[in-house]
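# Breakdown of the fold
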Amino acid sequence: MAKYIFVTGGVTSSLGKGIIAASLAKLLQARGLRVTIQKFDPYINVDPGTLNPYEHGECYVTEDGAETDLDLGHYERFLNIYTSQANNVTTGRIYQHVINREREGAFLGKTVQVVPHITDEIKRRMLLLGQNNQYDIVITELGGTVGDIESLPYVEAVRQLQWELPDEDLLVVHLTLIPYLKAAKELKTKPTQHSVRMLSENGVFPDVIVCRSEEPLNDDIKRKIALFCNVKPEAVIEAPDANTIYEVPLLMLNEQLDLIVLKKLNITEFAEPDLTRWKGFLDKLKYPKAKITIGLIGKYVELQDAYKSILEAFIHAGAMNECKVQVVPIHSESLTPENVAEKLINLDGLLVAPGFGHRGIEGKITAVQFARETGLPFFGICLGMQMAVIEFGRNILGIKDAHSTEMQPDTEGAVINMMEEQKKITQKGGTMRLGAYPCTIKEGTLAHKIYGTTQITERHRHRYEFNNEYLEAYEGAGMVASGRNPETGLVEIVELPNHPYFIGCQYHPELKSTVEAPHPLFVHFVAASRQFHDRKAQRANKVNEAV
Ligand code: GLN
């Protein structure tokens, strides 16, 4: 049987529960334990797949095709393991299951209620991953903040488990904020006291309090929190702001969070933490030898979380190249043929982002054209690849109406078309082509050089694809389909061999980049951008010398 750790949050949202949970998991993993993390979200959507990125940030996709919360991305990036459908549960999914069972007659004669039916289903799912001896520890992050109406059934489920499981098999970590009041020059513990009290009123008693704070906590403050919140002083953990989320495991190691947890869970067999690779990554991240600027062309650029996995993949690939990657968000709607040169001239690489719908499309196409014509390294992901195909169709093949039927259903030049199997689908939720699919790479192509193999699998989230009726024309004119699905022939990768670096993929490589295994497409794109940067600098030097 696995042991269970629950991570709750108090006082305010956005304290970084996911990062604390992932950091604790990392430390336990580094000590030789088998760990996984799951997230329980209190909203009623069955999954975040239909949510606008403005509402919920990026939708993260797992190997098995679950559309999930972006915290699962952090779990995978920190732990270098795959998560699955079972690792993200929402209130919507819980209710859907219970209501389906009610319709089947599973509760005949009974009134179906939040307690026990909903809480039973929550508990069943909380324990699920720990049941087939795959993991020693299952960490569950509870979304939302203690005190929210919608979080109550989850807190109640944890309360019940506190009684049902042996004491040493369950632990609760509560993450709170200790605000610093400038006027009083003081750290304030009252919000934490209140949030722990609220948790205790619901019958859940935290074992560890992790305190986010912009100022260091002194021993007096720690003692006070311990006293009022009913935990041992050593179980009050300080979590200061970090320069990067990847430092948090080391900060938690310093605070001995892992040791406190191991002690309470009565785990006696564990190794010294092996964080060699992690620290190696951090060193490279902290002391880069060069700096490059990548433009990220998207339509949700004002929101950091909308492209979370892409930004993180650049951090991994940057460290691998010992190069700081500054990602400059550029709103696709702001780009026109008139201003594109001025807006993109200082870039060393251009990434056109995934997305849906019509808004900002022409700006993306304009950006692709600029990169294709000037030799600027280009990387298109999903919609970004589709835009590269449209641009090539319009400007090289002379297909005036080249478009995607997503934006223009009746276009004469449907170079991007809805996938055949998608045409029958009417329901929106969970019905895209999702998750891992194989791709065969053509030998001798850039993609082959990057991956070093001809067989890969990558994760997807789309309804549209390259229209293979045009394939011959494209390849004849110099755009090569270097990766295709072995069964259906669906084009997965396109590239331009006579461009210094131009590659687009229908899948989402960013979802598989981790600290310990940066994604090769990002690593090579950063390397190409760095070369571009160096060549530009050399040219500028020559001009200066000549003057
Ligand atoms: N909207 C496009 C499609 O559905 C691209 C999707 C994406 O970028 N994730 O095919």
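What this report covers is the structure whose coordinates are included nearby. Please read all numbers here as calculations on a predicted model, not as lab measurements.

## A look at the sheet that holds strand β11 (residues 236-240)
- The strand order across the open sheet built from 7 strands is β5-β2-β6-β1-β7-β10-β11, with neighbouring strands paired in parallel fashion. Unpaired on one side and paired on the other, β5 (88-90) and β11 mark the two borders of the sheet. Pairs of neighbouring strands in the sheet enclose a mean axial angle of 20°, with direction left out of account.
- Relative to strand β6 (residues 137-142), strand β2 (residues 35-41) runs parallel, the two being bridged by 6 bridges. Along β6, the bridge assignment pairs Gln38 with Thr140.
- Across the sheet, helix α4 (residues 91-104) is in contact with β2 and β5; its angle to β5 comes to roughly 70°.
- Helix-sheet contacts for helix α7 (residues 190-201) involve β1 (3-9), β7 (170-177) and β10 (208-213), and the interaxial angle to β7 is about 145°.

## Brief notes about a nonpolar patch on the surface
- A grouping of Tyr95, Ile99, Val114 and Val115 is seen on the molecular surface, where their side chains present a nonpolar patch of about 310 Å² in accessible area.
- Examined against the element boundaries, Val115 turns out to sit in helix α5 (residues 114-128).
- The exposure class of Val115 is partly exposed, given its relative accessible area of 44%.

## Comments concerning the site of the ligand
- Around the ligand sit Pro354, Gly355, Phe356, Cys382, Leu383, Gln386, Glu406, Arg461, His462, Arg463, Tyr464 and His508, and that is every residue in its neighbourhood.
- Here an oxygen atom of the ligand sits 3.0 Å away from a polar atom, N or O, in the main chain of Leu383.
- Interatomic distance of 2.7 Å between a side-chain N/O atom of Glu406 and a nitrogen atom of the ligand.
- Surface burial for the ligand is 99%, taken as the share of its 300 Å² of free accessible area covered by protein chains.
- Those elements that provide at least two residues to the shell around the ligand are α15 (383-395) and β19 (455-462).
- Counted by class, the shell around the ligand contains 5 nonpolar, 4 polar and 3 charged residues.

## A word on the side chain of Thr91
- Looking at where Thr91 falls in the secondary structure, it is placed in helix α4.
- Not counting residues up to four positions away in its chain, the partners in contact with Thr91 are Asp41, Pro42, Tyr43, Ile44 and Tyr154.

## Some points on the packing of aromatic side chains
- Summed over the entire model, instances satisfying the criterion amount to 16 aromatic pairs.
- Between Tyr501 and Phe525, the aromatic rings sit 6.0 Å apart at their centres with planes inclined by 40°, giving tilted as the arrangement. Of this pair, Tyr501 sits in the loop between β22 (491-495) and β23 (502-505) while Phe525 sits in helix α18 (residues 520-546), and the two are 24 residues apart along the sequence.
- The class of Tyr501 is buried, set by a relative accessible area of 4%.
- Connected via pairs of aromatic rings, a cluster forms that spans Phe314, Phe379, Tyr501, Phe522 and Phe525.
- A cation over a ring is seen here: Arg101 above Phe107, with NZ or CZ 5.6 Å from the ring centre.
- For Arg433, the ring lying beneath its charged end belongs to Tyr437, and the centroid distance is 4.1 Å.

## Structural notes on the pattern of salt bridges
- Evaluation of the coordinates by the stated rule reveals 37 salt bridges.
- In this structure, Asp47 and Arg93 form a salt bridge, with 3.8 Å as the shortest nitrogen-oxygen distance. You can see Asp47 sitting in the loop between β2 and α2 (53-56) and its partner Arg93 sitting in helix α4, a full 46 residues away along the chain. The pair formed by Asp47 and Arg93 is uniform in burial state, with each residue classed as buried.
- The residue Glu420 makes a salt bridge to Lys423 at a minimum N-O spacing of 3.1 Å.
- Connected through salt bridges with shared partners, the residues Lys39, Asp41, Asp69, Asp71 and Glu141 form a single ionic network.

## Comments concerning unusual backbone geometry
- Backbone torsion omega between Val115 and Pro116 reads 15°, so that peptide bond is classified as cis.
- Among the secondary structure elements, Pro116 is positioned in helix α5.
- Of note in this structure, Asn80 is not a glycine but carries a positive phi near 60°.
- Mapped onto the elements, Asn80 comes out in the loop between α3 (71-79) and β5.
- Note on Asn80: relative accessible area 34%, which makes it partly exposed.
- Despite not being glycine, Glu322 has its phi angle at roughly 50°, a positive value.
- Position of Glu322 relative to the elements: it lies in the loop between α12 (308-320) and β13 (323-331).

Parameters at a glance
Residues numbered from 1 in each chain as written. Predicted model: local features only at pLDDT ≥ 70, side-chain atom pairs only at ≥ 80, totals over all residues. Heavy atoms only, no water. Pairing = 2+ DSSP bridges. Helix = DSSP H or I, 4+ residues; strand = E, 2+ residues; numbered from the N terminus. Axes fitted to C-alpha atoms, helices over the stretch in contact; angles between N-to-C directions. Contact = heavy atoms within 4.5 Å. Patch = residues over 30% accessible without salt bridge, like charges linked within 9 Å, V, L, I, M, F, W, Y side chains within 5 Å. Areas by Shrake-Rupley, 256 points an atom, 1.4 Å probe, with all protein chains shown as cover. Salt bridge = Lys/Arg side-chain N within 4 Å of Asp/Glu carboxyl O. Buried < 20%, exposed > 50% of the residue type's maximum accessible area, 1.4 Å probe, protein only. Near = heavy atom within 4 Å. Polar contact = N/O pair within 3.5 Å; in protein donor to acceptor, adjacent residues only side chain to side chain. Nonpolar A, V, L, I, M, F, W, Y, C, P; charged D, E, K, R; others polar. Phe/Tyr/Trp six-rings, centres within 6.5 Å; stacked < 30°, edge-to-face > 60°. Lys NZ or Arg CZ within 6 Å of the ring centre and 35° of its normal.

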